[in-house]
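Notes for the structure review
Residue strings, one per chain:
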Amino acid sequence: GPAEDHIRPARALLADLIKKHAFRPEEIAVLAFDPDSIRAFLAPPTPRALALTETLQPGAICCTTIRRFKGLEAKAIVLLDATPARLQAPGGTLEFYVASSRAMHELHVFLAATDDEIEDFMLWACHQHDRHLKKDRNGLEKLFNARIKS
């Protein structure tokens, strides 16, 4: 599924956030719409250098669902399993808002989508929000105020 394709690059991003951007592990959260995405992300083998946990703990990166993280915040949020279909589903936009608004400094979104799917999503989103943005990955980054990774 979409999240499985993003496990290795997401783990590399986490290492980069800690090494190059000086975030402490507890300042980072990995979120997902689907609990199965979190289970896949936490499944062995996990890099020894990354302490991953499903709860907030000092020295560890919290990995959980968007719903469970509601009301909490982190300096950096990594969203694992975004898809245009998930974002357009009933409640999907609100759930994405909850995930994105948890990020105090950086939001990184792993999006499983083709260029055509992004264009279709942007047409829908711009119509929904009366926004005029490019119908591509750059427009999506502006709409979400996030770094989009595929």
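Relevant structure appears above.
Residues numbered from 1 in each chain as written. Predicted model: local features only at pLDDT ≥ 70, side-chain atom pairs only at ≥ 80, totals over all residues. Heavy atoms only, no water.

Turning our eyes to something else, we now look at the state of the cysteines. One pass over the full model with this rule turns up 0 disulfides. Cys-62 supplies the cysteine sulfur nearest to Cys-63, a cysteine that is in no disulfide, at a spacing of 6.6 Å. For Cys-63, a relative accessible area of 0% puts it in the buried group. (Disulfide = S-S within 2.5 Å. Buried < 20%, exposed > 50% of the residue type's maximum accessible area, 1.4 Å probe, protein only.)

The next thing to look at is the nonpolar core. Ranked by internal contacts, the top residues of the largest apolar core, which has 29 residues, are Leu-79 and Phe-144. Mapped onto this core, the elements with two or more residues apiece are β1 (28–32), α3 (66–69), β4 (74–82), α5 (92–100), β5 (103–111), α6 (115–129) and α7 (137–144). If you tally residues by element for this core, the top one is α6, at 5 residues. When residues no more than four places from it in sequence are discounted, the contact partners of Leu-79 are Leu-31, Ala-32, Phe-33, Ile-66, Phe-96, Ala-99, His-108, Val-109 and Phe-110. Ranked by size, the runner-up nonpolar core spans 19 residues in total, among them Leu-13, Phe-23, Leu-50 and Val-78. (Core = buried A, V, L, I, M, F, W, Y, C linked by side-chain atoms within 4.5 Å. Helix = DSSP H or I, 4+ residues; strand = E, 2+ residues; numbered from the N terminus. Contact = heavy atoms within 4.5 Å.)

Under the definition given, this model contains 3 aromatic pairs. For the pair Phe-121 and Trp-124, a centre-to-centre distance of 5.5 Å together with 40° between the ring planes defines the contact as tilted. With Phe-121 and Trp-124 both in helix α6 and 3 residues apart, this pair spans about one turn of that helix. When its relative accessible area of 24% is taken as the criterion, Trp-124 is described as partly exposed. On the numbers, 6.0 Å between centres and 55° between planes, the contact of Phe-121 with Phe-144 is tilted. Of the two residues, Phe-121 sits in helix α6 while Phe-144 sits in helix α7, which places them 23 residues apart along the sequence. Phe-121 sits in the buried class, given a relative accessible area of 4%. Ring pairs connect the aromatic residues Phe-96, Phe-121, Trp-124 and Phe-144, which therefore count as one cluster. (Phe/Tyr/Trp six-rings, centres within 6.5 Å; stacked < 30°, edge-to-face > 60°.)

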